[in-house]
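Reading the structure
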Amino acid sequence: MRARPAVVIALCLLAVGGCSPAPAHRGDDPPPAPFGGAAVASVEQAKSLHRSEERAVAACMRQRGFPYREVPVGRTVADNPYGLLTEEQAARDGYGLTADLLAGPPPDPNAQLLARLDPGRRAAWRNALTGTGKQVRTLSAPNSPDLRINTDGCVYLGRRAMYGSEWEQARLTVTGLTARVIDRVLADPGFRRAQRTWADCLRADGEPFATLQDARGAIQDSANRAGSDRVALQSVGRRELRLAERDAACQRRSDLAGAVRAAQKRVEAALPASSRRQVAELADLRKRALSSPPGDPSTATGPSETP
């Protein structure tokens, strides 16, 4: 739910294959989400957790003899796993794709600090932060890719101090459950009927897309081709706004959000009770992290030196 500068990305640096953020929804009404949204943090929770994680990482780095500047909270948006749009959101932000690219990545508060270190100490700083690769833990869960974590880096150790040792496995398990719900919703006959109505509506406007992912993906592909060319990106942005407004209007006319809610209710009703317990356990771990200060990351292992 938030982006960090490249040098201090959290588990995306530690996981095989990296991470990709879910599409953002910034309408006034929360969009439908698996398990009533309990599987993910709210916007305000995400901001609070980010600040606590950064404090825990900084404490761990200090214990290892390294300076670390906490990364401020960036733009944080509500989770929107189905990519639904409101017309207000579409008119303001489109899909939220090219605006972020034009804004560029946020400044890295540790960049100047690292620039002052010699290459050896810079490498040691990074090892202290994200791990050496010598202590790796591999986690698995159904419907999720395996997650490899460096357990001797302050990113992991700070998170463990906050959430406890069960957090990473619980989150991976619930990520898999969420993916299963989304896949089944997208395959639900009721949703597919509504999506065909949506597609017919867009086609009448000259937009030949069969799925929500196709429409959003067309803008992403154009943005990728534009690369760092700001003029080209601005052109893509104008196209994005036009398409997103048509997309949102057709979503309203086809009641796509209602179809998602109905399909999701059917899908979740068919899940075993253990699925809901696993989501509740994750939410409880998050709640405890929000209500308690981070634990002591002094059990950190790995390089310790003063730059």
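Residues numbered from 1 in each chain as written. Predicted model: local features only at pLDDT ≥ 70, side-chain atom pairs only at ≥ 80, totals over all residues. Heavy atoms only, no water.

Bridge count between strand β3 (residues 136-141) and strand β4 (residues 144-150): 5 bridges; the pairing is antiparallel. Within β4, the residue paired with A141 across the bridge is S144. Connecting β3 to the next strand, β4, in antiparallel fashion are 2 residues, including N143 with a positive phi near 65°. (Pairing = 2+ DSSP bridges. Helix = DSSP H or I, 4+ residues; strand = E, 2+ residues; numbered from the N terminus.)

Attention now goes to helix α9 (residues 212-226). For α9, spanning 15 residues, the distance from its first C-alpha to its last is 22 Å, which sits close to the expected 21 Å at 1.5 Å a residue. The secondary structure elements touched by the buried residues of α9 are α3 (98-103), α8 (189-204), α10 (230-254) and α11 (256-269). Looking one or two places after α9, you find G227, whose phi comes out positive at around 60°. (Expected span 1.5 Å × (residues − 1). Contact = heavy atoms within 4.5 Å.)

On average, residues of the protein carry a pLDDT of 87, and 86% of them reach 70 or more. The model gives residues 1-27 a pLDDT under 50, and that stretch makes 81 contacts with residues more than four places away or in other chains. For residues 300-307, every residue scores under 50 in pLDDT, and the model assigns this stretch 30 contacts once sequence neighbours within four places are set aside. (pLDDT = per-residue confidence, 0-100.)

In this section: the environment of V231. Mapped onto the elements of the fold, V231 is located in helix α10. You can call V231 exposed: its relative accessible area is 61%. Remark: the alpha-carbon pair of V231 and L102, spanning 129 residues in sequence, is separated by 9.8 Å. (Buried < 20%, exposed > 50% of the residue type's maximum accessible area, 1.4 Å probe, protein only.)

Turning next to the environment of A78. Along the chain, the position of A78 falls in strand β2 (residues 78-79). Between the C-alpha atom of A78 and that of V43, which follows or precedes it by 35 residues, the distance is 5.5 Å.

Now for helix α1 (residues 43-63). Counted at 1.5 Å a residue, the expected span for α1 with its 21 residues is 30 Å, and the 31 Å between its end C-alpha atoms agrees. Residues of α1 that are buried make contact with α5 (119-130), α6 (154-163) and α12 (273-291). Looking one or two residues past α1, G65 carries a phi angle of roughly 85°, positive in sign.

The subject of this paragraph is the state of the cysteines. Applying the stated criterion across every chain yields a total of 2 disulfides. Two residues share a disulfide in this structure: C60 and C154, whose sulfurs sit 2.1 Å from each other. Residues C60 and C154 share a disulfide whose torsion about the S-S bond is about -75°; that sign makes it left-handed. Separated by 94 residues along the polypeptide, C60 in helix α1 and C154 in helix α6 bring together distant segments of the chain. Taken individually, C60 and C154 each receive the classification buried, so the pair is uniform in this respect. (Disulfide = S-S within 2.5 Å.)

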